[in-house]
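# Breakdown of the fold
Each chain, written out:
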Amino acid sequence: MQETKPTRVRYLILLMLFLVTTINYADRATIAIAGSSLQKDLGIDAVTLGYIFSAFGWAYVAGQIPGGWLLDRFGSKKIYALSIFTWSLFTVLQGYVGEFGVSTAVVALFMLRFLVGLAEAPSFPGNARIVAAWFPTAERGTASAIFNSAQYFATVLFAPLMGWIVYRFGWQHVFIVMGVVGIVFSLVWLKVIHSPRQHPMINEAEFNHIAANGAMVDMDQDKGKGKKTDGPKWDYIRQLLTNRMMLGVYLGQYCINGITYFFLTWFPVYLVQERGMTILKAGFIASLPAICGFIGGVLGGVISDYLLRKGHSLTFARKAPIIAGLLVSSSIVACNYVDIEWMVVGFMALAFFGKGVGALGWAVVSDTSPKQIAGLSGGLFNTFGNLASITTPIVIGYIISSTGSFKWALVFVGCNALMAVFSYLVIVGPIKRVVLKEPSARDDQLSSLSEAKS
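A brief report on the enclosed structure follows. Predicted model, so just to flag it, every value in this text is computed and none were measured.

Here we come to the overall build of the protein. Secondary structure assignment for the protein yields 19 helices and 0 strands. Its C-alpha atoms give the protein principal-axis dimensions of about 60 × 50 × 45 Å. Per-residue burial over the protein gives 58% buried out of 454 residues. Contacts spanning at least 24 positions in sequence make up 85% of the contacts within the protein whose residues lie at least 6 apart. Accessible surface, the protein: about 17700 Å² in total, of which carbon and sulfur atoms supply 66%. A distance of 3 Å separates the average location of the 35 positive side-chain charges in the protein from that of its 24 negative side-chain charges.

Another aspect to go through is the packing of aromatic side chains. Under the counting rule described, the total for this entry stands at 18 aromatic pairs. Taking 3.9 Å as the distance between ring centres and 20 degrees as the angle between the ring planes, the aromatic pair formed by F263 and F352 counts as stacked. Taken together, the positions of F263 in helix 11 (residues 244-274) and F352 in helix 14 (residues 341-358) put the pair 89 residues apart, joining distant regions of the chain. With respect to burial, F263 and F352 carry one shared label: buried. Ring centres of F267 and Y270 lie 6.4 Å apart, and the angle between their planes is 20 degrees; this geometry places the pair in the stacked category. Of this pair, F267 and Y270 both sit in helix 11, separated by 3 residues, roughly a single helical turn. By relative accessible area, F267 is classed as buried at 2%. Pairwise contacts between aromatic rings join F262, F263, W266, F267, Y270, F352 and F406 into one cluster. The ring of Y60 carries R28 above its face, with NZ or CZ at 4.6 Å from the centroid.

Another point: the packing of helix 4 (residues 76-94) against helix 5 (residues 102-120). Orientation of helix 4 relative to helix 5, taken along the N-to-C sense of each, is 165 degrees, at an axis distance of 8 Å. As judged from the angle between their axes, helix 4 and helix 5 are roughly antiparallel. Pair helix 4 / helix 5 crosses with left-handed handedness. On the side of helix 4, the interface is formed by S83, T86, W87, F90, T91, L93 and Q94, while helix 5 contributes L109, L112, R113, L115, V116, A119 and E120. Looking at the contact of helix 4 with helix 5 residue by residue, the classes come out as 8 nonpolar, 4 polar and 2 charged.

With respect to the secondary-structure elements, T30 resides in helix 1 (residues 9-42). Within the local environment of T30, its side chain forms a polar contact with the side chain of R113, the two groups lying 3.5 Å apart. What T30 contacts, discounting residues up to four positions off in sequence, is R113, M162, V174, F175 and M178.

A few words now on helix 13 (residues 314-329). One turn of the α-helix equals 3.6 residues, which is why residues spaced by three or four share an orientation. When the terminal C-alpha atoms of helix 13 are compared, their 23 Å separation across 16 residues agrees well with the 22 Å that a helix rising 1.5 Å per residue should span. Of all the residues in helix 13, the buried ones are T315, A317, R318, K319, P321, I322, I323, G325, L326 and S329.

Let's shift gears to the pattern of salt bridges. Counted according to the given criterion, the structure contains 6 salt bridges. The salt bridge involving R10 is made with E139; its shortest N-O contact spans 3.0 Å. Taken together, the positions of R10 in helix 1 and E139 in helix 7 (residues 137-169) put the pair 129 residues apart, joining distant regions of the chain. You can call R10 buried: its relative accessible area is 3%.

As a rule of thumb, nonpolar side chains are buried together in soluble globular proteins. Ranked by internal contacts, the top residues of the largest apolar core, which has 125 residues, are W134, W189, F262, W266, Y270 and M348. When residues in this core are grouped by element, the largest group, 17 residues, is from helix 11. With near-sequence residues (within four places) excluded, W266 lies in contact with A46, L49, G50, F53, Y261, P393, I396, G397, I400 and F406.

Tracing the backbone through its elements, the reader meets I332 in the loop between helix 13 and helix 14. When its relative accessible area of 1% is taken as the criterion, I332 is described as buried. Along the chain, I332 and F347 lie 15 residues apart, while their C-alpha atoms are 5.8 Å from each other.

Definitions and limits used
Residues numbered from 1 in each chain as written. Predicted model: local features only at pLDDT ≥ 70, side-chain atom pairs only at ≥ 80, totals over all residues. Heavy atoms only, no water. Helix = DSSP H or I, 4+ residues; strand = E, 2+ residues; numbered from the N terminus. Buried < 20%, exposed > 50% of the residue type's maximum accessible area, 1.4 Å probe, protein only. Contact = heavy atoms within 4.5 Å. Areas by Shrake-Rupley, 256 points an atom, 1.4 Å probe, with all protein chains shown as cover. Lys, Arg positive; Asp, Glu negative; His and termini not counted. Charge placed at Lys NZ, Arg CZ, Asp CG, Glu CD. Phe/Tyr/Trp six-rings, centres within 6.5 Å; stacked < 30°, edge-to-face > 60°. Lys NZ or Arg CZ within 6 Å of the ring centre and 35° of its normal. Axes fitted to C-alpha atoms, helices over the stretch in contact; angles between N-to-C directions. Parallel < 35°, antiparallel > 145°, perpendicular 65-115°, else oblique. Left-handed = near helix turned anticlockwise from the far one by under 90°. Nonpolar A, V, L, I, M, F, W, Y, C, P; charged D, E, K, R; others polar. Polar contact = N/O pair within 3.5 Å; in protein donor to acceptor, adjacent residues only side chain to side chain. Expected span 1.5 Å × (residues − 1). Salt bridge = Lys/Arg side-chain N within 4 Å of Asp/Glu carboxyl O. Core = buried A, V, L, I, M, F, W, Y, C linked by side-chain atoms within 4.5 Å.

Scope: geometric values only; no functional claims are made or implied.
Shown next, in the form of C-alpha coordinates:
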(Lines give C-alpha, C1' and ligand atoms only; values in the text may rest on other atoms or scores of the structure.)
Protein backbone atom coordinates (compact mmCIF):
# COMPACT_ATOMS: atom_id res chain seq x y z
CA MET A 1 0.00 0.00 0.00
CA GLN A 2 1.31 3.48 -0.90
CA GLU A 3 0.81 6.81 0.88
CA THR A 4 -1.22 8.70 -1.73
CA LYS A 5 -4.67 10.22 -2.00
CA PRO A 6 -7.10 7.83 -0.27
CA THR A 7 -8.79 5.29 -2.51
CA ARG A 8 -12.53 4.67 -2.22
CA VAL A 9 -12.57 0.89 -2.28
CA ARG A 10 -15.13 0.78 0.53
CA TYR A 11 -17.70 2.21 -1.89
CA LEU A 12 -17.06 -0.68 -4.29
CA ILE A 13 -17.61 -3.03 -1.37
CA LEU A 14 -20.86 -1.21 -0.58
CA LEU A 15 -21.96 -1.54 -4.22
CA MET A 16 -21.40 -5.29 -3.98
CA LEU A 17 -23.47 -5.45 -0.79
CA PHE A 18 -26.22 -3.47 -2.48
CA LEU A 19 -26.26 -5.75 -5.52
CA VAL A 20 -26.19 -9.01 -3.58
CA THR A 21 -28.98 -7.80 -1.29
CA THR A 22 -31.01 -6.82 -4.37
CA ILE A 23 -30.66 -10.36 -5.70
CA ASN A 24 -31.37 -11.75 -2.23
CA TYR A 25 -34.70 -9.94 -1.92
CA ALA A 26 -35.65 -10.57 -5.53
CA ASP A 27 -35.26 -14.30 -4.88
CA ARG A 28 -37.43 -13.97 -1.77
CA ALA A 29 -40.09 -12.09 -3.77
CA THR A 30 -40.32 -14.63 -6.61
CA ILE A 31 -42.94 -16.59 -4.69
CA ALA A 32 -45.03 -13.44 -4.12
CA ILE A 33 -45.07 -12.48 -7.80
CA ALA A 34 -45.80 -16.06 -8.81
CA GLY A 35 -48.21 -16.59 -5.89
CA SER A 36 -51.56 -15.80 -7.50
CA SER A 37 -50.86 -17.82 -10.67
CA LEU A 38 -49.29 -20.63 -8.66
CA GLN A 39 -52.30 -20.73 -6.33
CA LYS A 40 -54.63 -21.05 -9.31
CA ASP A 41 -52.56 -23.72 -11.08
CA LEU A 42 -52.06 -25.87 -8.00
CA GLY A 43 -55.57 -25.29 -6.63
CA ILE A 44 -54.49 -24.30 -3.11
CA ASP A 45 -56.26 -22.03 -0.62
CA ALA A 46 -55.01 -18.90 1.16
CA VAL A 47 -53.92 -20.74 4.31
CA THR A 48 -51.82 -23.24 2.32
CA LEU A 49 -50.26 -20.38 0.35
CA GLY A 50 -49.51 -18.62 3.63
CA TYR A 51 -47.64 -21.67 4.89
CA ILE A 52 -45.67 -21.88 1.63
CA PHE A 53 -44.80 -18.18 2.02
CA SER A 54 -43.62 -18.91 5.57
CA ALA A 55 -41.37 -21.86 4.63
CA PHE A 56 -38.51 -19.48 3.89
CA GLY A 57 -38.83 -17.93 7.33
CA TRP A 58 -38.67 -21.17 9.33
CA ALA A 59 -35.26 -22.05 7.93
CA TYR A 60 -34.00 -18.47 7.73
CA VAL A 61 -34.63 -18.01 11.45
CA ALA A 62 -33.17 -21.41 12.37
CA GLY A 63 -30.02 -20.65 10.36
CA GLN A 64 -29.23 -17.23 11.80
CA ILE A 65 -27.13 -18.20 14.81
CA PRO A 66 -25.27 -21.03 12.99
CA GLY A 67 -24.76 -18.69 10.02
CA GLY A 68 -23.39 -15.92 12.23
CA TRP A 69 -21.12 -18.42 13.97
CA LEU A 70 -19.74 -19.63 10.62
CA LEU A 71 -19.05 -16.04 9.58
CA ASP A 72 -17.14 -15.36 12.81
CA ARG A 73 -15.17 -18.60 12.51
CA PHE A 74 -14.29 -18.63 8.81
CA GLY A 75 -14.82 -15.03 7.64
CA SER A 76 -17.35 -13.30 5.45
CA LYS A 77 -16.01 -13.87 1.94
CA LYS A 78 -16.22 -17.65 1.48
CA ILE A 79 -19.26 -18.28 3.69
CA TYR A 80 -21.21 -15.55 1.91
CA ALA A 81 -20.19 -16.80 -1.56
CA LEU A 82 -21.35 -20.31 -0.67
CA SER A 83 -24.60 -18.83 0.62
CA ILE A 84 -25.27 -16.95 -2.65
CA PHE A 85 -24.57 -19.99 -4.81
CA THR A 86 -26.72 -22.42 -2.83
CA TRP A 87 -29.77 -20.20 -2.39
CA SER A 88 -29.68 -19.44 -6.13
CA LEU A 89 -29.50 -23.14 -6.99
CA PHE A 90 -32.54 -23.89 -4.83
CA THR A 91 -34.35 -20.98 -6.48
CA VAL A 92 -33.77 -22.52 -9.92
CA LEU A 93 -35.14 -25.88 -8.73
CA GLN A 94 -38.44 -24.26 -7.66
CA GLY A 95 -39.18 -23.71 -11.34
CA TYR A 96 -39.58 -27.47 -11.80
CA VAL A 97 -42.06 -28.32 -9.01
CA GLY A 98 -44.93 -28.13 -11.52
CA GLU A 99 -43.67 -31.38 -13.03
CA PHE A 100 -45.10 -33.24 -10.02
CA GLY A 101 -48.65 -33.90 -8.91
CA VAL A 102 -50.38 -31.20 -6.87
CA SER A 103 -49.70 -32.61 -3.39
CA THR A 104 -46.10 -33.48 -4.23
CA ALA A 105 -45.59 -30.06 -5.82
CA VAL A 106 -46.81 -28.28 -2.69
CA VAL A 107 -44.46 -30.31 -0.47
CA ALA A 108 -41.53 -29.83 -2.87
CA LEU A 109 -42.16 -26.09 -3.07
CA PHE A 110 -42.32 -25.81 0.72
CA MET A 111 -39.04 -27.75 1.09
CA LEU A 112 -37.22 -25.73 -1.56
CA ARG A 113 -38.39 -22.45 -0.01
CA PHE A 114 -37.15 -23.85 3.30
CA LEU A 115 -33.73 -24.57 1.78
CA VAL A 116 -33.55 -21.09 0.23
CA GLY A 117 -34.16 -19.63 3.68
CA LEU A 118 -31.46 -21.80 5.24
CA ALA A 119 -28.94 -20.84 2.56
CA GLU A 120 -29.71 -17.13 2.87
CA ALA A 121 -29.25 -17.12 6.65
CA PRO A 122 -25.66 -15.73 6.68
CA SER A 123 -26.47 -12.88 4.28
CA PHE A 124 -27.50 -9.99 6.52
CA PRO A 125 -25.13 -10.83 9.40
CA GLY A 126 -22.48 -10.94 6.67
CA ASN A 127 -23.54 -7.50 5.43
CA ALA A 128 -23.29 -6.08 8.95
CA ARG A 129 -19.84 -7.62 9.48
CA ILE A 130 -18.53 -6.26 6.21
CA VAL A 131 -19.87 -2.77 6.93
CA ALA A 132 -18.32 -2.87 10.41
CA ALA A 133 -14.99 -3.90 8.89
CA TRP A 134 -14.93 -1.37 6.04
CA PHE A 135 -16.71 1.77 7.28
CA PRO A 136 -15.94 4.38 9.96
CA THR A 137 -18.61 4.90 12.59
CA ALA A 138 -19.82 8.20 11.07
CA GLU A 139 -20.45 6.51 7.68
CA ARG A 140 -21.96 3.31 9.02
CA GLY A 141 -25.57 4.49 9.18
CA THR A 142 -25.57 5.51 5.51
CA ALA A 143 -23.76 2.33 4.45
CA SER A 144 -26.18 0.11 6.36
CA ALA A 145 -29.17 2.02 5.03
CA ILE A 146 -27.93 1.68 1.44
CA PHE A 147 -27.51 -2.10 1.56
CA ASN A 148 -30.79 -2.44 3.46
CA SER A 149 -32.59 -0.24 0.90
CA ALA A 150 -31.75 -2.83 -1.75
CA GLN A 151 -34.83 -4.73 -0.59
CA TYR A 152 -36.94 -1.93 -2.12
CA PHE A 153 -34.75 -1.59 -5.20
CA ALA A 154 -35.21 -5.33 -5.78
CA THR A 155 -38.95 -4.76 -6.09
CA VAL A 156 -38.46 -1.68 -8.27
CA LEU A 157 -36.14 -3.50 -10.65
CA PHE A 158 -37.49 -7.04 -10.63
CA ALA A 159 -41.22 -6.87 -9.81
CA PRO A 160 -42.18 -5.51 -13.25
CA LEU A 161 -39.77 -7.96 -14.92
CA MET A 162 -41.05 -10.92 -12.92
CA GLY A 163 -44.66 -9.88 -13.48
CA TRP A 164 -44.00 -9.80 -17.23
CA ILE A 165 -42.29 -13.21 -17.13
CA VAL A 166 -45.27 -14.75 -15.30
CA TYR A 167 -47.72 -13.11 -17.72
CA ARG A 168 -45.75 -14.08 -20.83
CA PHE A 169 -44.14 -17.43 -20.01
CA GLY A 170 -45.66 -18.76 -16.75
CA TRP A 171 -44.71 -18.65 -13.10
CA GLN A 172 -42.08 -21.41 -13.38
CA HIS A 173 -39.71 -19.24 -15.41
CA VAL A 174 -39.43 -16.57 -12.70
CA PHE A 175 -37.55 -18.96 -10.44
CA ILE A 176 -35.21 -20.15 -13.19
CA VAL A 177 -34.23 -16.66 -14.37
CA MET A 178 -33.60 -15.28 -10.87
CA GLY A 179 -31.67 -18.36 -9.78
CA VAL A 180 -29.28 -18.15 -12.72
CA VAL A 181 -28.63 -14.46 -11.99
CA GLY A 182 -27.58 -15.37 -8.43
CA ILE A 183 -25.30 -18.23 -9.49
CA VAL A 184 -23.39 -15.89 -11.83
CA PHE A 185 -23.10 -13.23 -9.13
CA SER A 186 -21.57 -15.69 -6.64
CA LEU A 187 -18.54 -15.92 -8.94
CA VAL A 188 -18.25 -12.14 -9.17
CA TRP A 189 -18.38 -11.96 -5.35
CA LEU A 190 -15.33 -14.20 -4.96
CA LYS A 191 -13.37 -11.96 -7.31
CA VAL A 192 -14.22 -8.59 -5.73
CA ILE A 193 -14.70 -9.12 -1.98
CA HIS A 194 -11.71 -9.10 0.39
CA SER A 195 -11.04 -7.87 3.93
CA PRO A 196 -9.59 -4.31 4.16
CA ARG A 197 -6.06 -5.48 4.94
CA GLN A 198 -6.05 -7.98 2.07
CA HIS A 199 -7.84 -6.06 -0.69
CA PRO A 200 -5.54 -5.49 -3.69
CA MET A 201 -7.12 -2.13 -4.60
CA ILE A 202 -6.96 -0.30 -1.26
CA ASN A 203 -4.08 2.05 -0.45
CA GLU A 204 -2.56 2.94 2.89
CA ALA A 205 -4.32 6.29 3.13
CA GLU A 206 -7.80 4.78 2.93
CA PHE A 207 -6.86 1.90 5.20
CA ASN A 208 -5.52 4.27 7.87
CA HIS A 209 -8.58 6.51 7.56
CA ILE A 210 -11.12 3.75 8.13
CA ALA A 211 -9.02 2.04 10.82
CA ALA A 212 -8.56 5.28 12.79
CA ASN A 213 -12.28 6.13 12.70
CA GLY A 214 -13.91 3.00 14.01
CA ALA A 215 -13.73 0.35 11.24
CA MET A 216 -12.89 -3.11 12.62
CA VAL A 217 -10.38 -3.78 9.84
CA ASP A 218 -8.87 -6.97 11.33
CA MET A 219 -12.17 -8.74 11.94
CA ASP A 220 -11.46 -11.38 9.28
CA GLN A 221 -7.66 -11.38 9.45
CA ASP A 222 -6.29 -14.80 8.36
CA LYS A 223 -9.78 -16.30 8.07
CA GLY A 224 -9.84 -15.84 4.30
CA LYS A 225 -7.03 -18.42 4.05
CA GLY A 226 -9.17 -21.00 5.81
CA LYS A 227 -7.42 -20.73 9.17
CA LYS A 228 -9.74 -21.72 11.97
CA THR A 229 -10.02 -19.53 15.04
CA ASP A 230 -11.77 -20.09 18.32
CA GLY A 231 -15.48 -19.87 17.81
CA PRO A 232 -17.51 -17.49 19.97
CA LYS A 233 -18.41 -18.80 23.40
CA TRP A 234 -22.06 -19.64 24.11
CA ASP A 235 -22.08 -17.43 27.20
CA TYR A 236 -21.92 -14.44 24.84
CA ILE A 237 -25.42 -15.29 23.61
CA ARG A 238 -26.70 -15.30 27.19
CA GLN A 239 -25.18 -11.87 27.75
CA LEU A 240 -26.85 -10.45 24.64
CA LEU A 241 -30.21 -11.98 25.59
CA THR A 242 -30.09 -10.38 29.04
CA ASN A 243 -29.21 -6.92 27.71
CA ARG A 244 -32.30 -4.67 27.80
CA MET A 245 -31.10 -2.48 24.94
CA MET A 246 -30.59 -5.46 22.65
CA LEU A 247 -33.95 -7.01 23.58
CA GLY A 248 -35.64 -3.73 22.61
CA VAL A 249 -33.76 -3.68 19.31
CA TYR A 250 -34.78 -7.31 18.66
CA LEU A 251 -38.47 -6.58 19.31
CA GLY A 252 -38.32 -3.49 17.12
CA GLN A 253 -36.80 -5.44 14.24
CA TYR A 254 -39.43 -8.16 14.55
CA CYS A 255 -42.17 -5.56 14.13
CA ILE A 256 -40.38 -3.76 11.27
CA ASN A 257 -39.96 -7.07 9.44
CA GLY A 258 -43.67 -7.71 9.90
CA ILE A 259 -44.22 -4.75 7.56
CA THR A 260 -41.50 -5.97 5.19
CA TYR A 261 -42.95 -9.45 4.84
CA PHE A 262 -46.42 -8.17 4.06
CA PHE A 263 -44.93 -6.43 1.04
CA LEU A 264 -42.74 -9.42 0.15
CA THR A 265 -45.54 -12.00 0.30
CA TRP A 266 -49.16 -10.82 0.32
CA PHE A 267 -48.94 -7.36 -1.29
CA PRO A 268 -49.06 -8.52 -4.96
CA VAL A 269 -51.86 -10.95 -4.01
CA TYR A 270 -53.69 -8.03 -2.34
CA LEU A 271 -53.47 -6.01 -5.55
CA VAL A 272 -54.82 -8.91 -7.64
CA GLN A 273 -57.51 -10.30 -5.34
CA GLU A 274 -58.63 -7.27 -3.31
CA ARG A 275 -58.13 -4.55 -5.92
CA GLY A 276 -58.83 -6.54 -9.09
CA MET A 277 -55.58 -5.90 -10.96
CA THR A 278 -53.97 -8.27 -13.45
CA ILE A 279 -50.68 -9.87 -12.39
CA LEU A 280 -48.91 -7.82 -15.06
CA LYS A 281 -50.31 -4.57 -13.68
CA ALA A 282 -49.69 -5.69 -10.09
CA GLY A 283 -46.02 -6.27 -10.91
CA PHE A 284 -45.66 -2.68 -12.09
CA ILE A 285 -47.81 -1.19 -9.32
CA ALA A 286 -45.79 -3.07 -6.66
CA SER A 287 -42.70 -1.21 -7.83
CA LEU A 288 -44.14 2.23 -6.97
CA PRO A 289 -44.24 1.83 -3.17
CA ALA A 290 -40.86 0.13 -3.45
CA ILE A 291 -39.38 3.24 -5.12
CA CYS A 292 -40.58 5.28 -2.14
CA GLY A 293 -39.21 2.66 0.24
CA PHE A 294 -35.84 2.84 -1.49
CA ILE A 295 -35.76 6.64 -1.20
CA GLY A 296 -36.81 6.46 2.44
CA GLY A 297 -34.25 3.74 3.18
CA VAL A 298 -31.33 5.79 1.87
CA LEU A 299 -32.69 9.00 3.40
CA GLY A 300 -32.98 7.44 6.86
CA GLY A 301 -29.29 6.54 6.89
CA VAL A 302 -28.20 9.91 5.51
CA ILE A 303 -30.26 11.78 8.12
CA SER A 304 -28.92 9.58 10.93
CA ASP A 305 -25.27 10.11 9.98
CA TYR A 306 -25.90 13.84 9.45
CA LEU A 307 -27.27 14.13 12.98
CA LEU A 308 -24.23 12.25 14.26
CA ARG A 309 -21.79 14.57 12.45
CA LYS A 310 -23.65 17.60 13.84
CA GLY A 311 -22.79 16.51 17.36
CA HIS A 312 -25.99 14.74 18.41
CA SER A 313 -25.64 11.59 20.46
CA LEU A 314 -25.59 8.20 18.76
CA THR A 315 -28.87 7.41 20.55
CA PHE A 316 -30.69 10.45 19.14
CA ALA A 317 -29.13 10.11 15.67
CA ARG A 318 -30.36 6.52 15.32
CA LYS A 319 -33.69 6.73 17.16
CA ALA A 320 -35.12 9.92 15.63
CA PRO A 321 -35.39 8.58 12.03
CA ILE A 322 -36.55 5.17 13.26
CA ILE A 323 -39.43 6.52 15.36
CA ALA A 324 -40.53 9.19 12.86
CA GLY A 325 -40.41 6.75 9.93
CA LEU A 326 -42.42 4.06 11.66
CA LEU A 327 -45.12 6.49 12.73
CA VAL A 328 -45.50 7.40 9.05
CA SER A 329 -45.54 3.70 8.14
CA SER A 330 -48.66 3.10 10.24
CA SER A 331 -50.59 5.08 7.58
CA ILE A 332 -51.02 1.77 5.69
CA VAL A 333 -54.31 1.35 7.58
CA ALA A 334 -55.75 4.27 5.60
CA CYS A 335 -55.97 1.99 2.54
CA ASN A 336 -59.04 0.44 4.18
CA TYR A 337 -60.92 3.73 3.83
CA VAL A 338 -60.26 4.60 0.18
CA ASP A 339 -61.44 2.97 -3.03
CA ILE A 340 -59.68 5.08 -5.65
CA GLU A 341 -56.77 3.11 -7.03
CA TRP A 342 -54.21 5.92 -7.02
CA MET A 343 -55.02 6.72 -3.38
CA VAL A 344 -54.49 3.09 -2.37
CA VAL A 345 -51.12 3.08 -4.11
CA GLY A 346 -50.33 6.47 -2.55
CA PHE A 347 -50.91 5.29 1.02
CA MET A 348 -48.97 2.09 0.36
CA ALA A 349 -46.11 4.20 -1.00
CA LEU A 350 -46.22 6.50 2.05
CA ALA A 351 -46.18 3.50 4.39
CA PHE A 352 -43.25 1.93 2.57
CA PHE A 353 -41.38 5.26 2.56
CA GLY A 354 -41.80 5.56 6.33
CA LYS A 355 -40.73 1.97 6.86
CA GLY A 356 -37.63 2.67 4.76
CA VAL A 357 -36.67 5.71 6.86
CA GLY A 358 -37.14 3.71 10.04
CA ALA A 359 -35.28 0.58 8.97
CA LEU A 360 -31.96 1.43 10.66
CA GLY A 361 -31.74 -1.71 12.77
CA TRP A 362 -28.63 -2.98 10.98
CA ALA A 363 -26.83 0.31 11.64
CA VAL A 364 -27.69 -0.11 15.32
CA VAL A 365 -26.31 -3.67 15.23
CA SER A 366 -23.06 -2.44 13.66
CA ASP A 367 -22.85 0.22 16.38
CA THR A 368 -23.52 -2.15 19.27
CA SER A 369 -22.02 -5.54 18.30
CA PRO A 370 -18.87 -6.65 20.14
CA LYS A 371 -15.92 -7.19 17.78
CA GLN A 372 -15.38 -10.83 18.72
CA ILE A 373 -18.95 -11.86 17.83
CA ALA A 374 -20.08 -9.36 15.21
CA GLY A 375 -21.48 -12.16 13.04
CA LEU A 376 -23.16 -13.97 15.91
CA SER A 377 -24.67 -10.72 17.20
CA GLY A 378 -26.07 -9.96 13.76
CA GLY A 379 -27.38 -13.51 13.49
CA LEU A 380 -29.17 -13.26 16.83
CA PHE A 381 -30.68 -9.90 15.80
CA ASN A 382 -31.84 -11.37 12.50
CA THR A 383 -33.24 -14.44 14.26
CA PHE A 384 -35.65 -12.33 16.25
CA GLY A 385 -36.40 -10.00 13.35
CA ASN A 386 -37.20 -12.78 10.94
CA LEU A 387 -39.57 -14.61 13.21
CA ALA A 388 -41.89 -12.19 11.41
CA SER A 389 -41.13 -14.00 8.15
CA ILE A 390 -42.87 -17.01 9.71
CA THR A 391 -45.69 -15.38 11.62
CA THR A 392 -46.71 -12.59 9.24
CA PRO A 393 -47.59 -14.72 6.16
CA ILE A 394 -49.43 -17.28 8.31
CA VAL A 395 -51.35 -14.74 10.40
CA ILE A 396 -52.40 -12.81 7.30
CA GLY A 397 -53.41 -16.06 5.59
CA TYR A 398 -55.71 -16.92 8.49
CA ILE A 399 -57.10 -13.36 8.61
CA ILE A 400 -57.98 -13.48 4.91
CA SER A 401 -59.43 -16.99 5.21
CA SER A 402 -61.66 -16.05 8.17
CA THR A 403 -62.75 -12.54 7.08
CA GLY A 404 -62.68 -12.84 3.29
CA SER A 405 -60.74 -9.58 2.88
CA PHE A 406 -57.45 -7.83 3.64
CA LYS A 407 -58.88 -5.09 5.89
CA TRP A 408 -57.81 -6.58 9.23
CA ALA A 409 -54.56 -7.72 7.64
CA LEU A 410 -53.65 -4.06 7.02
CA VAL A 411 -54.59 -3.21 10.62
CA PHE A 412 -52.24 -5.98 11.74
CA VAL A 413 -49.41 -4.48 9.65
CA GLY A 414 -50.07 -0.98 11.03
CA CYS A 415 -49.97 -2.28 14.61
CA ASN A 416 -46.53 -3.74 13.91
CA ALA A 417 -45.26 -0.24 13.07
CA LEU A 418 -46.64 1.21 16.31
CA MET A 419 -45.20 -1.61 18.41
CA ALA A 420 -41.75 -0.94 16.92
CA VAL A 421 -42.10 2.73 17.92
CA PHE A 422 -42.94 1.64 21.48
CA SER A 423 -39.90 -0.62 21.57
CA TYR A 424 -37.43 2.11 20.62
CA LEU A 425 -39.11 4.75 22.81
CA VAL A 426 -39.54 2.70 25.98
CA ILE A 427 -37.32 -0.39 25.96
CA VAL A 428 -34.10 0.33 24.05
CA GLY A 429 -32.70 3.22 26.09
CA PRO A 430 -29.23 4.64 25.24
CA ILE A 431 -27.53 3.03 22.22
CA LYS A 432 -23.94 1.98 22.89
CA ARG A 433 -21.56 -0.86 22.07
CA VAL A 434 -22.08 -3.95 24.19
CA VAL A 435 -19.06 -4.90 26.29
CA LEU A 436 -18.93 -8.63 26.94
CA LYS A 437 -17.62 -10.27 30.06
CA GLU A 438 -15.33 -13.20 29.40
CA PRO A 439 -16.84 -16.53 30.46
CA SER A 440 -15.49 -18.17 33.58
CA ALA A 441 -12.88 -20.92 33.44
CA ARG A 442 -15.63 -23.45 34.15
CA ASP A 443 -17.60 -22.20 31.12
CA ASP A 444 -14.48 -22.55 28.97
CA GLN A 445 -14.04 -26.15 30.16
CA LEU A 446 -17.68 -26.96 29.34
CA SER A 447 -17.27 -25.34 25.91
CA SER A 448 -14.11 -27.40 25.25
CA LEU A 449 -15.85 -30.61 26.32
CA SER A 450 -18.78 -29.82 24.02
CA GLU A 451 -16.46 -29.22 21.07
CA ALA A 452 -14.54 -32.44 21.82
CA LYS A 453 -17.77 -34.48 21.80
CA SER A 454 -18.86 -32.94 18.49
